[in-house]
Amino acid sequence: MRTVDPVKHAARRGRILESAAACFAEKGFHATRTADISARAGMSPGNLFHYFPTKHAIVLALIEKEGADTSAYLAELAAADDPLAALFTLVDTVAELAADPAYASLTLDTAAEAQRDEAVAALLSRNDLELRTAIAGLLARAADAGRIDPDLAPEAAATWVAAQFDALFARVATDPGFAPLEQAPLLRLLLTRFLAVREV
């Protein structure tokens, strides 16, 4: 029986997901064909189906990968000595992602797909909950340290912080002249005033 090299298998699977992300960013989920993905990945459609049986499976795998990558990043932030600095590092990171046309396009298309696809919606909801939980953890630590308004409920405040992240991507979609990186300092100021940040 033929054995599978796990390293090569993971590499090819990763190449498919990277190629799919590029295709989806350019054409959207529905206009992209599996033939487009396989061509960009440099493999036959039959070989692609060996890793993912359907295009839908690729979409779900991309969302799961995004969730895993974000989870690892949030764990790093959670371990930071200064929770407030970690929060604003997250703000800057989100602004950088919103400024990436391919990433922003894929994010917005995924959000739209969640309105039509229950499996996509479930994965996005899970990823969003993890993000808000991580933000709430940073806010709770900052409140305990006397750095922000202690009367703000961390979970509720985290929802509004996450909403500002969503707004960045929505503004990119509706305003061609909007530059997330240029607007990041204003977003930091908005959140600073919302949280009533105090230096120590």
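All figures in this text were calculated on a predicted structure; none of them were measured in a lab.

Rules of the game
Along each chain, the written sequence defines residue order, and numbers are assigned to residues from 1. Note on the predicted model: pLDDT of at least 70 is required for a residue's local features to be given, and 80 or more for side-chain atom pairs to be given and counted; whole-chain, interface and lining totals, by contrast, use all residues. Hydrogen atoms and water are omitted, and side-chain values are computed over all heavy atoms in the structure. Patches here: salt-bridge-free residues with over 30% relative accessible area, like charges joined within 9 Å, nonpolar side chains (Val, Leu, Ile, Met, Phe, Trp, Tyr) joined within 5 Å. Every accessible area reported is derived by Shrake-Rupley at a probe size of 1.4 Å, with residue values counting cover from the shown protein chains alone. Salt bridges are defined as contacts in which a side-chain nitrogen from Lys or Arg sits within 4 Å of a carboxyl oxygen from Asp or Glu. The helix and strand labels rest on DSSP assignments: H or I over at least four residues marks a helix, E over at least two residues marks a strand, and numbering proceeds from the N terminus. In this analysis, the protein atoms alone were mapped onto a 1 Å grid. Cavities are point sets where a 1.4 Å probe fits without being able to get out; pockets are open sets with protein on both sides within 12 Å along at least five of seven lines; lining residues have an atom within 4 Å of a point. Grid points are joined across faces, edges and corners, and a volume is the space filled by probe spheres set on the points. For this analysis, a polar contact is any N or O atom pair within 3.5 Å, provided that within protein one partner can donate a hydrogen and the other can accept it, and provided that sequence-adjacent residues contribute only side-chain to side-chain pairs. Two residues qualify as a contact provided that any one of their heavy atoms is within 4.5 Å of a heavy atom in the partner residue.

Enquirer: Whenever I open this one, a nonpolar patch on the surface confuses me. Can you help?
Expert: A contiguous nonpolar surface patch, about 320 Å² in accessible area, is contributed by Trp160, Leu190 and Phe194. Within the secondary structure, Trp160 is located in helix α8 (residues 154-174).

Enquirer: Just to check I follow, could you spell out the layout of surface pockets for this structure?
Expert: Empty pockets left among the atoms are what a rolling probe the size of a water molecule brings to light. By volume, the largest pocket is sized at about 1100 Å³. Secondary-structure elements contributing two or more residues to the lining of the largest pocket are α1 (6-27), α4 (55-78), α5 (83-98), α6 (101-114), α7 (118-144) and α8.

Enquirer: Can you help me understand the side chain of Asp36 in this one?
Expert: With respect to the secondary-structure elements, Asp36 resides in helix α2 (residues 34-41). Side chain to side chain, Asp36 and Arg33 meet in a polar contact 2.8 Å long. Sequence-distant contacts of Asp36, defined by excluding residues within four places in its chain, comprise Cys23, Lys27 and Ala31.

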